[in-house]
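# Per-entry structural report
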Amino acid sequence: MATDLHRAVTVQGLTRSFDGRPVVDGLDLTLHAGQFTALLGHSGCGKSTLLRVLAGLDREISGTVLVPRRRAVAFQAPRLMPWKRVWRNVLLGLPGKPDREVAERALAEVGLGERSGAWPKTLSGGEAQRASLARALVRDPDLLLLDEPFGALDALTRIKAQRLVAELWQRRGCTVLLVTHDVDEALLLADRALVMRDGVIAYDTAVDLDRPRSPGDPALAALRTCLLAELGVEEGDVAEKAA
Amino acid sequence: MTVDHAPPPTAPSAPDISVLPDAKVESLTPARGPGRGFSVPRWLRRAVGPVLLLLLWQLSSAAGVLPADVLASPGTIARAAGELIVDGTLPHAMGVSLRRVAVGLLLGGAVGITLALVSGLSRLGEDLVDAPVQMLRTVPWVGLIPLFIIWLGIGEAPKVALIALGVAFHLYLNVYAGIRGVDAQLVEAGESLGLGRWGLVRHVVLPGALPGAMTGLRYSLATAWLALVFGESINADAGIGFLMNQAREFFRTDVIVVCLVVYAFLGLLADALVRTLERLLLQWRPTFTGQ
């Protein structure tokens, strides 16, 4: 559940450099509790670096970063431990000795209830990604960080996985930060879209559309044009490519 | 499984076939899967080669092409083996040799794995342990036999030490490489799941190093037998090597071959043991098993 704090994440003046080259450069960011935020940007713009900082995986930073204690990450690759059965993967790192039932409940939530005893090598790409999602959700996070979790999935599986994430977020009400380079995905899922450029949040817009959303919505199309322009892609280019 | 193939090769479709060569079309016939027709079991097929070789050997011996003091015939060897087993010489020698290998393996394994953990898991340990071990590794261990004899005498100690040495190096190298080869992404995932340092070692690093450790175990077993042969060929008073040396004095090629077969058999047994261990411990691994 979301905390009663209005701000789930506060970042002030965050800088992270690699070999003297700042990838995140004096970045300010506030995420509101319970909101679904999409972070867009070109590859290499530092969005994954920002996510790793928020996850607490990268501490070589300067600036202020306030994040909820309970947070979970789902990466682009499922990163399941191949030597642990699915349910043990889900419970990995949880304090105490939780029962298999706990894992099975989380797996059932992502539609993987019957695969709990399987080895990760026997899962399909979509199944493995859902298992990774269950592993994040079982921690009951206040902040869920998703690092292009649909990037490696095929188109059909991706649509299903996106719907699943939307559903889970609505049920859980946690704060979500989704890092992606897919504008349509951001507009389909998020309340708010951010564009990262030159190490800072360069553009910030609310996505105030009714759910469930359809890609054909004219308001959505307008926002897409706007976001693509922020990312340096003109709508004409896209149309040309599509043709 | 039944699959519908478009034109069944029956009379009505016969005229079409004449068109095929011109049309750059190829008819794909279903592969002969298992269960189609009669097939010889794989183990039987694989047994044919060795059996033929044995037959050839026996025939050459019987024909006098292969004199007994060069190489005894398989029949003579089998008889010698039977005698050695019945009078208890062979079982006793095997017991002595096996004990040497077991003790050497345990000692060397403990040392090798401990050092690998120290240098694999900590930077400081790596700096302190890895360089000297890599340096000593370049010394051919067989060449240490004279030193071992001076240090440890001619009893069991130098033989066990030789085996332990060979085992320790192989296990060290493979376990260390296994630890350092663990996927950094998995370690990061473990960190993001809230695993502490010990938790990461236990749930991520050590299981990840297991395939390397098993490879090391297999190599070190092979080395252990080799070290045993070397160790026993010098002034042994019991064991298979002693049996062999004795046979050499009397030109008993049959007994020598029996001893060689026993060495091979023990090596095979050890390999089977590791394979079983691998099947049990590494069943999670997505490996290509061959067709």
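Anyway, here's the lowdown on the structure attached to this text. (Residues numbered from 1 in each chain as written. Chains lettered and ligands numbered in written order. Predicted model: local features only at pLDDT ≥ 70, side-chain atom pairs only at ≥ 80, totals over all residues.)

### Here's the deal with the overall build of chain A
A tally of regular secondary structure across chain A gives eight helices and nine strands. Scored against the burial criterion, the 243 residues of chain A give a buried share of 40%. (Helix = DSSP H or I, 4+ residues; strand = E, 2+ residues; numbered from the N terminus. Buried ≥ 20, exposed ≤ 12 C-beta atoms within 10 Å, placed from the backbone.)

### Observations regarding the sheet that holds strand β2 (residues 21-32) of chain A
Residues and elements named next belong to chain A. Strand order across the open sheet formed by three strands is β2-β1-β4, with antiparallel pairing between neighbours. Each end of this open sheet is capped by a strand with a single partner; those strands are β2 and β4 (62-66). On average, adjacent strands in this sheet sit at an angle of 15° to one another, irrespective of strand direction. The pairing of strand β1 (residues 7-18) with β4 spans four bridges and is antiparallel. (Pairing = 2+ DSSP bridges. Axes fitted to C-alpha atoms, helices over the stretch in contact; angles between N-to-C directions.)

### Let's talk about unusual backbone geometry
All names here are of chain A. Of note in the backbone geometry, arginine 79 takes a positive phi value of approximately 50° without being a glycine. Turning to its location among the elements, arginine 79 is positioned in the loop between β5 (71-74) and α2 (86-91). When the 23 C-beta atoms within 10 Å are taken as the criterion, arginine 79 is described as buried. In the Ramachandran plot, aspartate 198 falls in the positive-phi region, its phi being about 55° despite a non-glycine side chain. Aspartate 198 sits in the exposed class, given 12 other C-beta atoms within 10 Å.

### Considerations on the interface of chain A and chain B
Each partner contributes to the interface: chain A provides 13 residues, whereas chain B provides 17 residues. Residue classes in the side of chain A that touches chain B are distributed as 10 nonpolar, one polar and two charged. (Contact = placed C-beta atoms within 7 Å. Nonpolar A, V, L, I, M, F, W, Y, C, P; charged D, E, K, R; others polar.)

### Remarks on the nonpolar core
Among the nonpolar cores identified, the biggest contains 105 residues, and A:Val90, A:Leu107, A:Ala134, A:Leu177 and B:Ile163 are the most heavily contacted of them. If near-sequence neighbours (up to four positions away) are discounted, A:Ala134 is found in contact with A:Val90, A:Ala106, A:Leu107, A:Glu109, A:Val110 and A:Leu112. Formed by 17 residues, the second largest nonpolar core is a distinct cluster that contains B:Leu90, B:Ala93, B:Met94 and B:Leu243. (Core = buried A, V, L, I, M, F, W, Y, C linked by C-beta atoms within 7 Å.)

### Quick look at the sheet that holds β5(A)
Residue and element names in this part refer to chain A. Pairing is mixed across the open sheet formed by six strands, whose spatial order is β5-β6-β7-β3-β8-β9. Every other strand in the sheet has two partners, leaving β5 and β9 (200-206) as the edge strands with one partner each. Between one strand axis and the next, the sheet turns by 20° as a mean value, whatever way the strands run. Where strand β6 (residues 143-147) and strand β7 (residues 175-179) come together, five bridges link them in parallel fashion.

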